There are 4 protein chains.
Amino acid sequence: MLETPVIVVNFKLYEQASGKNGLNLAKIIDTVSKETGASIAVAVNPLDFKMIKNSVDMPVFLQHVDAVEFGAKTGRINVELAKEHGIDGILINHSERRMTIADIEYLVHRAKIVGVNTIVCTNNAKVSAAIAALSPDFIAMEPPELIGGDVSVSRARPEAITETIKIVNSVNPVPVLVGAGVKTGDDVKKAIELGAKGVLIASGIAKANDPRKAIIDLVQGLM
Amino acid sequence: MLETPVIVVNFKLYEQASGKNGLNLAKIIDTVSKETGASIAVAVNPLDFKMIKNSVDMPVFLQHVDAVEFGAKTGRINVELAKEHGIDGILINHSERRMTIADIEYLVHRAKIVGVNTIVCTNNAKVSAAIAALSPDFIAMEPPELIGGDVSVSRARPEAITETIKIVNSVNPVPVLVGAGVKTGDDVKKAIELGAKGVLIASGIAKANDPRKAIIDLVQGLM
Amino acid sequence: MLETPVIVVNFKLYEQASGKNGLNLAKIIDTVSKETGASIAVAVNPLDFKMIKNSVDMPVFLQHVDAVEFGAKTGRINVELAKEHGIDGILINHSERRMTIADIEYLVHRAKIVGVNTIVCTNNAKVSAAIAALSPDFIAMEPPELIGGDVSVSRARPEAITETIKIVNSVNPVPVLVGAGVKTGDDVKKAIELGAKGVLIASGIAKANDPRKAIIDLVQGLM
Amino acid sequence: MLETPVIVVNFKLYEQASGKNGLNLAKIIDTVSKETGASIAVAVNPLDFKMIKNSVDMPVFLQHVDAVEFGAKTGRINVELAKEHGIDGILINHSERRMTIADIEYLVHRAKIVGVNTIVCTNNAKVSAAIAALSPDFIAMEPPELIGGDVSVSRARPEAITETIKIVNSVNPVPVLVGAGVKTGDDVKKAIELGAKGVLIASGIAKANDPRKAIIDLVQGLM
């Protein structure tokens, strides 16, 4: 299980965070994690996974795995294979890779069996409540209108965070991460004050001019 | 709101239940509903909808609408347009037409606003609990391994029904319909004894040699 | 078969072109078609189809049908059912409703058998050549970067039209319609001068302040 | 470019061909390729790719890559990243991972630019002709009704192969591989006599009791 509060960095398929660039970025983040003791995890693509996993000590997630069993499934990977490769966790249902509710339930269930962390992304408080009933390890709530933008949800709509945490707790107290527009240590700090157990961030690190500086700034918000 | 206990007949795209065949089947079912006083609704495709709606008094649902607003959405229909055409309700997330959790939440929300009934299909108890958090009007639980088969869930796995109702109630007491393999009045009776508020049925009526006899038999189970 | 040159108006799910608004718009377009003798067809959603088909004399298309046979296909419609309802043709593979190549081939094949016109949308010259091998009735080439915009392809990239027509003819001489950004009679005229057999238009009519004026202007370009 | 005639082995997500099992299978196949001089390639999942690529000399393909550019594409990989990791080629549009025609065209185009082989799967002669217009390196024709079965297309429907090759050549002479049900060296021999440039095989090798024996038998058919 990830230590909280946690910063999860989604590398997406940003050119600055894929292939050798992704490896370099992962090493920078891992170093900051060690220097500061901050709990940080990264979510990478399956081609880069092994290379990055072998070079860092922090947890490495996949950004997606398919909700399938072994079999005649050309072009798919599953959580059992990911586990064999040493995966620490999976992002599920990111806004750029939505899944059916049946598939989300299947993945959370299988991940628990094989011992892999799950973070299920959601888009609002109601959907977060629904996902809470499935008992993933984390819910990452990202209002779609703020994703990729410059305003963090903790700043723009703090009530979206508190409402989400409240309704999630009424169903099942799954820890909530906050995503969408998180950029600075202040954003992180605000999110945690509002009750979040961490943040899910992407472009703020992956596309930063100085990723080391950006991740150090974020980490300040955890302290 | 549908009166319960209710029988919902999904016409799917069965040849025996589409076009003129669908209209005939709908009239047979509507007649039985009137003769017996049983609460019955049908779910039809959008091309047949108006023709059937104009010919019966029972509620007529659509089998699917898209989770979109008006706009540049070629080949889509939405709940607002369906409402303008006089729709009574929508099936959402049928196993043959799965949706993302974000889209299910959107549809349930929009349907409430425009005043249209919602039945969200699920595949097991956990997923039913998740959907309960979205407060649809009904949840129709259909174990996928029993769909289209000859053994009803109320017979093959009664504990699947009681477990679903229990876990749904622990989140939000949404009435549960039972689907998959329901064929006879005895199946209906058993489902209702187990706590279900009705059944969702398809091939048992649509593909019956004598649909009138089949629906009358089902109705016996409601009494 | 549609008479050429033809103007095909895609109503999409624009609020101004759906439900009663869609019926009114269809009547306006039908009147212009009769007054001018211009060949015009409209593509509508399946809920509005019958209402519009019953009120106009011009050909009425569906914007999409699914590539499925009759059977257990909840939430789907097929070309056989559409034909029973009197459909004149179908749009296939619109950029807002892309299909697999296997499904496109299936639909074109089935539509030919039941006697329904097909217009397959494409996004560039190469894809148009591929589709030509399937022998649909028409190919509508719409560069995605111009869809919904204010600049017509015939103006912005006339060579895209000539190149498409040339490569299509080298495979199979399927008539080509031009879409994306068509707004005025001049755009239509230019497209036809370049070798197109008509245009596919949406927002230019559906969202016009004065649709009658807009369609009359377009028709001038045919003459 | 692959040497022809070629045997392409699709590992799918068979448990016998994934993870360490996949590595072992790849080594067996690579050894047979070296011993016999036969041209053989394998198509693997992205998690296993690097491990297998580093252990064999034969070409290693991915079973699927997404038709996306670098950017905010969580859970996707693209051909540019695959190339950086040393990929030799990609399977495109397998029946278990269908794509839109626009995406197939994009992938074939990008693969050519970065220098990666492409095999596009198709389901019949007409679709093969359409794909030929996109100029991939190979077309693998697999009648869906024969996939995973015990009867090879070269035996059950030899005319499907000759018809496909003929219509493909009439558009663009792309070499054709034959898939679906290929099991034995005789099947391979027959396919090549009919004009195919090789075969695409999956369960016949991946699920064989003795994969070494199975691949050796296939190779006999090439000679």
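It should be emphasised that the depicted structure is a prediction, and the values quoted were computed from it without experimental measurement.

Engineer: Run through helix α8 (residues 185–193) of chain B, naming residues and quoting values.
Structural biologist: Residue and element names in this part refer to chain B. When we look at burial in α8, the residues that qualify are Gly185, Asp187, Val188 and Ala191. Taken end-on, α8 shows its buried residues confined to a sector of 160°, consistent with a single buried face. For α8, exposure combined with an orientation more than 90 degrees from the buried face picks out Asp186 and Glu193. Among the residues trailing α8, Gly195 stands out with phi positive, at a value near 115°.

Engineer: If you had to explain the arrangement of the chains to someone new, which residues and values would you point to?
Structural biologist: Between chain A and chain C there is no contact, and the shortest C-alpha to C-alpha distance separating them is 16 Å. At their nearest point, the C-alpha atoms of chain B and chain D are still 16 Å apart, with no contact between the two.

Engineer: Residue-level account of the interface of chain D and chain A, with values.
Structural biologist: Taken together, the contacts link 36 residues of chain D with 36 residues of chain A. Looking at the side of chain D facing chain A, the largest losses of area belong to Leu13, Leu47 and Thr74 of chain D, adding up to 28% of the total buried there. Viewed at the interface, chain A and chain D are joined by zero salt bridges. The interface formed by chain D and chain A contains 20 residue pairs in polar contact (both at pLDDT 80 or more). Going through the elements one at a time, α1 (19–36), α2 (49–53) and α3 (79–84) of chain D are the ones with two or more residues in the side of chain D that touches chain A. In terms of residues, the side of chain D that touches chain A owes the most to one element, α3 of chain D, which gives three residues.

Engineer: Let's hear about the pairing of strand β2 (residues 39–44) of chain A: which residues, and what values?
Structural biologist: All names here are of chain A. The buried fraction of β2 amounts to six of the six residues, a majority that puts the element mostly inside the structure. Side chains Ser39, Ala41 and Ala43 project from β2 onto one buried face, and the interleaved Ile40, Val42 and Val44 project onto a second face that is buried too. The pairing of strand β1 (residues 6–10) with β2 spans five bridges and is parallel. Across the sheet, residue Val6 finds its bridge partner in β2, namely Ser39. Viewed along the sheet, the connection from β1 through helix α1 (residues 19–36) into β2 turns out right-handed. The sheet contact formed by β2 and strand β3 (residues 60–62) spans three bridges and is parallel.

Rules used throughout
- Per chain, residue numbering runs from 1 following the sequence as it is written.
- To read the labels, note that chains go from A and ligands from 1, taken in the order they are written.
- Reporting in this predicted model follows two pLDDT cut-offs: at least 70 for local features of residues, and 80 or more for side-chain atom pairs to be given and counted; totals over whole chains, interfaces and linings ignore these cut-offs and use all residues.
- Heavy atoms from the whole structure form the basis of all side-chain values; hydrogens and water molecules are not counted.
- With a 1.4 Å probe rolled over the protein chains alone, any residue whose accessible area is under 20% of its type maximum counts as buried; one over 50% counts as exposed, and the rest are partly exposed.
- Counting from the N terminus, the helices are DSSP H or I runs at least four residues long and the strands are E runs at least two residues long.
- Arc definition: it is the arc formed by the directions from the helix axis to the C-beta atoms.
- What makes two residues a contact is simply this: any of their non-hydrogen atoms within 4.5 Å.
- What counts as buried area is the accessible surface, traced by a 1.4 Å probe, that two parts surrender upon association, with contributions from both included.
- The salt bridge definition used is simple: a Lys or Arg side-chain nitrogen within 4 Å of an Asp or Glu carboxyl oxygen.
- Whenever two N or O atoms come within 3.5 Å, that pair is a polar contact, provided that in protein one can donate a hydrogen and the other can accept it, and provided that, for residues adjacent in sequence, both atoms are side-chain atoms.
- Note on pairing: DSSP must find at least two bridges between two strands before they are called paired.
- With strands facing away from the observer, any crossover in which the path from the first strand over the helix to the second runs clockwise is taken as right-handed.

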